[in-house]
Amino acid sequence: MESITENFDLKAGFYDDLSKVVSDHTIIATNTSGLSINRLAAHVKNPERFLGMHWFNPPTLILLIEIIRNDKTGDEAAETVRQVALSIGKKPVLVNRDVPGFAANRLQLALYREALSMVESGVISKEGVDDVVKYGLGFRWACLGPLETMDFGGLDTFYHIQEYLNQDLEDTHEPSPSLKEHFEKGELGVKTGKGFYDYSGDKAREATKARDEKLKKVFDALYGDSKA
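The following paragraphs examine the structure supplied in this document. (Residues numbered from 1 in each chain as written. Predicted model: local features only at pLDDT ≥ 70, side-chain atom pairs only at ≥ 80, totals over all residues. Heavy atoms only, no water.)

## A short note on the overall build of the chain
Right, so step 1: Assigned secondary structure in the chain consists of 9 helices and 4 strands.
Right, so step 2: Going residue by residue from the N terminus, the α and β elements of the chain occur as α-β-α-β-β-α-β-α-α-α-α-α-α.
Right, so step 3: Considered along the principal axes of its C-alpha atoms, the chain spans approximately 55 × 45 × 40 Å.
Right, so step 4: Partitioning the intrachain contacts of the chain with sequence separation of at least 6 by distance along the chain shows that 56% fall at a separation of at least 24.
Right, so step 5: Only carbon and sulfur atoms are counted for the fraction: they give 57% of the accessible area of the chain, which is about 15000 Å².
Right, so step 6: For the chain, the distance from the average site of its 28 positive side-chain charges to the average site of its 36 negative ones is 5 Å. (Helix = DSSP H or I, 4+ residues; strand = E, 2+ residues; numbered from the N terminus. Contact = heavy atoms within 4.5 Å. Areas by Shrake-Rupley, 256 points an atom, 1.4 Å probe, with all protein chains shown as cover. Lys, Arg positive; Asp, Glu negative; His and termini not counted. Charge placed at Lys NZ, Arg CZ, Asp CG, Glu CD.)

Here it is as structure tokens:
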């Protein structure tokens, strides 16, 4: 499993070289967060043994691993990697087709786009939108996925909501203006000390510690002692 810098040329060069020195049957996986598995597969000899194996931070706590097939990935390779993930206590999900963002990032970005749009238009504050997710949506999603949530709420209810709400949801194809502004200022979040919130001084360390402690509590409550 390769986990080098998220740069296509670097990864492609790595696979050009790797294909020359490993067995033709060695399964090869990339931990890319979004680079095309199909494009990378073009640099792998015998691409049927190549796939994505996308982990999530912090990997010690987040159970999900996305297994992403390229157009030629064999069933045996995909199932072998799935079994490896299961053997170390992870929850692997098979993504059958290589699409930009795979599955998790497509879901995340749809939410992020709407969240930023509402903050930018004054519908809700940044603190408010974060609280909506932490204490409402995210709390429920820790136990039920979106389709399970729809089943419990009633598909008729969600059908009628989509009838009127879909036409009003944010659907821009450009990066959000507030995100672009922070990016251009070099305000990149925790790693630079400032993003949507202030992480100067010890605040970054404290915020990271608080995040990990909360995730550990959720993990222990839901999945400790083999409750998963």
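## Structural notes on the packing of aromatic side chains
Right, so step 1: What the rule picks out here adds up to 3 aromatic pairs.
Right, so step 2: Centre to centre, the rings of phenylalanine 14 and tyrosine 15 are 5.3 Å apart; their planes meet at 75 degrees, and the pair counts as edge-to-face.
Right, so step 3: Residue classification places phenylalanine 14 among the partly exposed positions, given a relative accessible area of 31%.
Right, so step 4: Residue classification places tyrosine 15 among the buried residues on the basis of a relative accessible area of 0%.
Right, so step 5: Taken together, a centroid distance of 5.9 Å and an interplanar angle of 65 degrees make the contact between phenylalanine 219 and tyrosine 223 edge-to-face. Placement of the pair is phenylalanine 219 and tyrosine 223 together in helix α9 (residues 203–223), with a separation of 4 residues, close to one helical turn.
Right, so step 6: Residue classification places phenylalanine 219 among the partly exposed residues on the basis of a relative accessible area of 21%. (Phe/Tyr/Trp six-rings, centres within 6.5 Å; stacked < 30°, edge-to-face > 60°. Buried < 20%, exposed > 50% of the residue type's maximum accessible area, 1.4 Å probe, protein only.)

## Some remarks on the nonpolar core
Right, so step 1: Counting residues in each nonpolar core, the largest one holds 12 residues, listed as Phe8, Ala12, Tyr15, Ile28, Ile37, Leu40, Ala41, Val44, Phe50, Ile68, Val95 and Phe102.
Right, so step 2: Contributing elements (two or more residues each) for this core: α1 (8–18) and α2 (37–41).
Right, so step 3: In this structure, alanine 41 is in contact with Pro47, Phe50 and Asn70, ignoring residues within four places of it in sequence. (Core = buried A, V, L, I, M, F, W, Y, C linked by side-chain atoms within 4.5 Å.)

## As for the environment of asparagine 46
Right, so step 1: Mapped onto the elements, asparagine 46 comes out in the loop between α2 and β2 (50–54).
Right, so step 2: Measuring from C-alpha to C-alpha, the distance between asparagine 46 and glutamate 206 comes to 46 Å, with 160 residues separating the pair along the chain.

## Details of the side chain of serine 19
Right, so step 1: Take serine 19: it is sitting in the loop between α1 and β1 (28–30).
Right, so step 2: A distance of 2.9 Å separates a polar atom in the side chain of serine 19 from the backbone oxygen of tyrosine 15.
Right, so step 3: Looking at serine 19, its side chain comes within polar contact range of the main-chain nitrogen of lysine 45, at 3.0 Å. (Polar contact = N/O pair within 3.5 Å; in protein donor to acceptor, adjacent residues only side chain to side chain.)

## Regarding the pattern of salt bridges
Right, so step 1: Applying the stated criterion across every chain yields a total of 11 salt bridges.
Right, so step 2: Measuring nitrogen to oxygen at the nearest pair gives 2.6 Å for the salt bridge that ties arginine 69 to aspartate 75.
Right, so step 3: With a closest N to O distance of 3.8 Å, lysine 134 and aspartate 131 form a salt bridge. Pair noted here: lysine 134 and aspartate 131 are both in helix α5 (residues 126–141), with a separation of 3 residues, about one helical turn.
Right, so step 4: On the accessibility criterion, aspartate 131 (35% relative accessible area) is partly exposed.
Right, so step 5: Taken together, the shared-partner salt bridges connect Glu2, Glu6 and Lys11 into one network. (Salt bridge = Lys/Arg side-chain N within 4 Å of Asp/Glu carboxyl O.)

## Focus: helix α4 (residues 104–120)
Right, so step 1: The end-to-end C-alpha distance of α4, which contains 17 residues, comes to 24 Å, matching closely the 24 Å that a straight helix rising 1.5 Å per residue would cover.
Right, so step 2: For α4, the complete set of buried residues consists of Ala104, Asn105, Ala115, Leu116 and Ser117.
Right, so step 3: Structurally, α4 contributes buried residues whose contacts are with β2, β3 (64–69), α5 and α8 (177–185).
Right, so step 4: Once α4 finishes, glycine 122 follows within two positions and takes phi at roughly 80 degrees, a positive value. (Expected span 1.5 Å × (residues − 1).)

## Thoughts on the environment of tyrosine 223
Right, so step 1: When its relative accessible area of 30% is taken as the criterion, tyrosine 223 is described as partly exposed.
Right, so step 2: For the pair tyrosine 223 and leucine 63, spaced 160 residues apart in sequence, the C-alpha to C-alpha distance is 9.5 Å.

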